[in-house]
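# Coordinate inspection notes
Here is how the chains run, residue by residue.
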Amino acid sequence: MKTALYLIPNTLGDGPLENSLPEGNKKIVLEIRHFIVESRKCAVRFLISLDKEFPVDQCTFTELSEHTDKNQDLSHILDPLVKGESMGVISDAGCPAVGDPGSRAVELAHKKNLCVVPLTGPNSMIMAVMASGFNGQNFAFNGYLPVKNGERENRIKQLENRMYKEDQTQLFIETPYRNDRMFDTLTRILRPDTKLCIASGLTTSQEFISTKTIAQWKKTKKPEINKIPAIFLIYK
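Because the structure is predicted, anything quoted here is derived from the model rather than measured.

Among the nonpolar cores identified, the biggest contains 31 residues, and Phe172, Leu186, Leu196, Phe232 and Leu233 are the most heavily contacted of them. Breaking this core down by element, the ones donating at least two residues are helix H6 (124–132), helix H7 (151–166), strand S7 (169–173), helix H8 (179–189), strand S8 (195–200), helix H9 (214–218) and strand S10 (230–235). Ranked by residues supplied to this core, first place goes to S10 with six residues. Residues contacting Leu196, with those up to four places away along its chain left out, are Phe134, Phe183, Leu186, Ser210, Thr211, Lys212, Ile214, Trp217, Phe232, Leu233 and Ile234. Counting residues in hydrophobic clusters, the runner-up holds 21 residues, among them Phe46, Cys59, Val117 and Leu119.

Right, let's get into the packing of aromatic side chains. For the structure on display, the rule yields five aromatic pairs. Centre to centre, the rings of Phe172 and Phe232 are 6.1 Å apart; their planes meet at 10°, and the pair counts as stacked. Highlighted residues: Phe172 in strand S7 and Phe232 in strand S10, separated in sequence by 60 residues. Comparing Phe172 with Phe232 shows no difference in burial state: the two are buried. Taken together, a centroid distance of 5.6 Å and an interplanar angle of 85° make the contact between Phe183 and Trp217 edge-to-face. Here Trp217 lies in helix H9 and Phe183 lies in helix H8, a separation of 34 residues in the sequence. Exposure remark for Trp217: the relative accessible area of 2% places this residue in the buried category. Among the aromatic residues, those joined into a ring-pair cluster are Phe35, Phe54 and Phe61. Between the NZ or CZ atom of Arg33 and the centre of the ring of Phe54, over which it lies, the distance is 5.4 Å.

On to the side chain of Asp100, then. Counting through the fold element by element, Asp100 comes out in the loop between strand S4 (87–90) and helix H5 (103–111). No salt bridge is formed by the buried Asp100. Its closest oppositely charged neighbour is Arg104, at 10 Å. Of note is the side chain of Asp100, whose polar atom sits 3.1 Å from the backbone nitrogen of Ala97. Separated by 2.8 Å, the side chain of Asp100 and the backbone nitrogen of Gly102 make a polar contact. With residues up to four places along the chain from it excluded, the contact list for Asp100 reads Glu38 and Ser91.

Conventions used here
- Residues numbered from 1 in each chain as written.
- Predicted model: local features only at pLDDT ≥ 70, side-chain atom pairs only at ≥ 80, totals over all residues.
- Heavy atoms only, no water.
- Core = buried A, V, L, I, M, F, W, Y, C linked by side-chain atoms within 4.5 Å.
- Buried < 20%, exposed > 50% of the residue type's maximum accessible area, 1.4 Å probe, protein only.
- Helix = DSSP H or I, 4+ residues; strand = E, 2+ residues; numbered from the N terminus.
- Contact = heavy atoms within 4.5 Å.
- Phe/Tyr/Trp six-rings, centres within 6.5 Å; stacked < 30°, edge-to-face > 60°.
- Lys NZ or Arg CZ within 6 Å of the ring centre and 35° of its normal.
- Lys, Arg positive; Asp, Glu negative; His and termini not counted.
- Salt bridge = Lys/Arg side-chain N within 4 Å of Asp/Glu carboxyl O.
- Polar contact = N/O pair within 3.5 Å; in protein donor to acceptor, adjacent residues only side chain to side chain.

Printed below as a string of structure tokens:
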């Protein structure tokens, strides 16, 4: 095992660990004692799920989340790696540094010419594209859309126009408890022939994946996706 900043995928939910993560990840993680995490609680839960005897008390955890000040000096967070000890980055769910604040640690590692190693694991965005039937050669992840009415509708129409103009699949997410509201907005303002794929609860017991035109969605019972992490995709 080489000394590096390892990007450690977490599970997406309640699915069996062995269904999401290769055995090789566990062997690597068991050797690491310094972690940069989105939240310590979630990281510890994940480590214990890998090994009930994981020496959490011997580890250091540095939180790097959406609440971390963007102007905060992070130059020290990779000190163990600079001194020759491997470190790991763990997101609350899925792959770290993709739609995730862990990317700041990776950026710093490259600035310091330190080795970065991404490990294999579940990524809801890629899995959603795979399962949608949409263009998988040209797609864009847009993160969270504006919350305010008016701003949200304008952004959705912009994405729809880009989709048709550039032949580009558009992906975005919503805070899970607002999924129903997002669905209602999409079916209200998108063109009838625009396709919408909803991929929620991926890899979990609540997994739901369905692609329909807006016209078809309007004739279908609203999917039960409220409070379940979901990816929304639109395409022509």
